[in-house]
Amino acid sequence: MSIRLVNGCVNCENLAADSTCKVHHAVVEKIHTCDDFDMRVSLKDEVECGTCYKFKTPECPNQLHATIGMLCNEYAPKAMS
Ligand code: SF4
Ligand code: SF4
């Protein structure tokens, strides 16, 4: 099973500082998500082969093409300590 970043409100560009959704004008929690999810720009910069634990390992399904800045659906973040 791949570990993935959650497409939830907590990672969404549309979440305001007061925990309301700028699209739906309602209070939301980090467990929520919707079809208007828009990943925060800061996360977009972080999600790529260079931060994937599968990079340059046999677990990467795209070993011939994987490179810094690329991304695929099998992305899984490196463990943080
Ligand atoms: S757009 Fe959807 S995912 Fe984003 S904050 Fe609003 S409800 Fe959550
Ligand atoms: S190609 Fe996919 S699985 Fe391979 S290192 Fe890049 S993001 Fe990870």
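Since we're looking at a predicted model, the values are computed, not measured.

Conventions and cut-offs
- Residues numbered from 1 in each chain as written.
- Chains lettered and ligands numbered in written order.
- Predicted model: local features only at pLDDT ≥ 70, side-chain atom pairs only at ≥ 80, totals over all residues.
- Heavy atoms only, no water.
- Helix = DSSP H or I, 4+ residues; strand = E, 2+ residues; numbered from the N terminus.
- Buried < 20%, exposed > 50% of the residue type's maximum accessible area, 1.4 Å probe, protein only.
- Contact = heavy atoms within 4.5 Å.
- Areas by Shrake-Rupley, 256 points an atom, 1.4 Å probe, with all protein chains shown as cover.
- Polar contact = N/O pair within 3.5 Å; in protein donor to acceptor, adjacent residues only side chain to side chain.
- Near = heavy atom within 4 Å.
- 1 Å grid on protein atoms, 1.4 Å probe; cavity = no way out; pocket = protein on both sides within 12 Å on 5 of 7 lines; lining within 4 Å.
- Sits in = over half its atoms within 2 Å of the grid points.
- Salt bridge = Lys/Arg side-chain N within 4 Å of Asp/Glu carboxyl O.

Participant: Just checking my understanding: could you explain the overall build of the protein for this structure?
Facilitator: Looking only at helices and strands, the protein has one helix and zero strands in total. Expressed as a percentage of the 81 residues in the protein, the buried residues total 23%. Counted over contacts in the protein with a minimum sequence separation of 6, partners at least 24 positions apart contribute 45%. Per element, the accessible surface of the protein, about 6100 Å² overall, is 56% carbon and sulfur.

Participant: Can you help me understand the side chain of K54 in this one?
Facilitator: With respect to the helices and strands, the residue K54 is situated in the segment after α1 (41-46). Residue classification places K54 among the buried residues on the basis of a relative accessible area of 6%. Polar contacts involving the side chain of K54 include one to the main-chain carbonyl oxygen of E74, which spans 3.0 Å.

Participant: It is not clear to me how the site of ligand 2 should be interpreted in this structure. Could you clarify?
Facilitator: In the neighbourhood of ligand 2, the contacting residues comprise C49, C52, K54, F55, C60, P61, N62, A66, C72, E74 and Y75. Structurally, ligand 2 is housed in the largest cavity.

Participant: Honestly, the pattern of salt bridges in this entry has me stumped. Any pointers?
Facilitator: Should their charged atoms come close, side chains of opposite charge can pair. Using the criterion set out here, one finds one salt bridge in the structure. With its nearest N and O atoms 3.6 Å apart, the salt bridge here joins K54 to E74. Within this pair, whereas K54 is found in the segment after α1, its partner E74 is found in the segment after α1, the two being separated by 20 residues in sequence.

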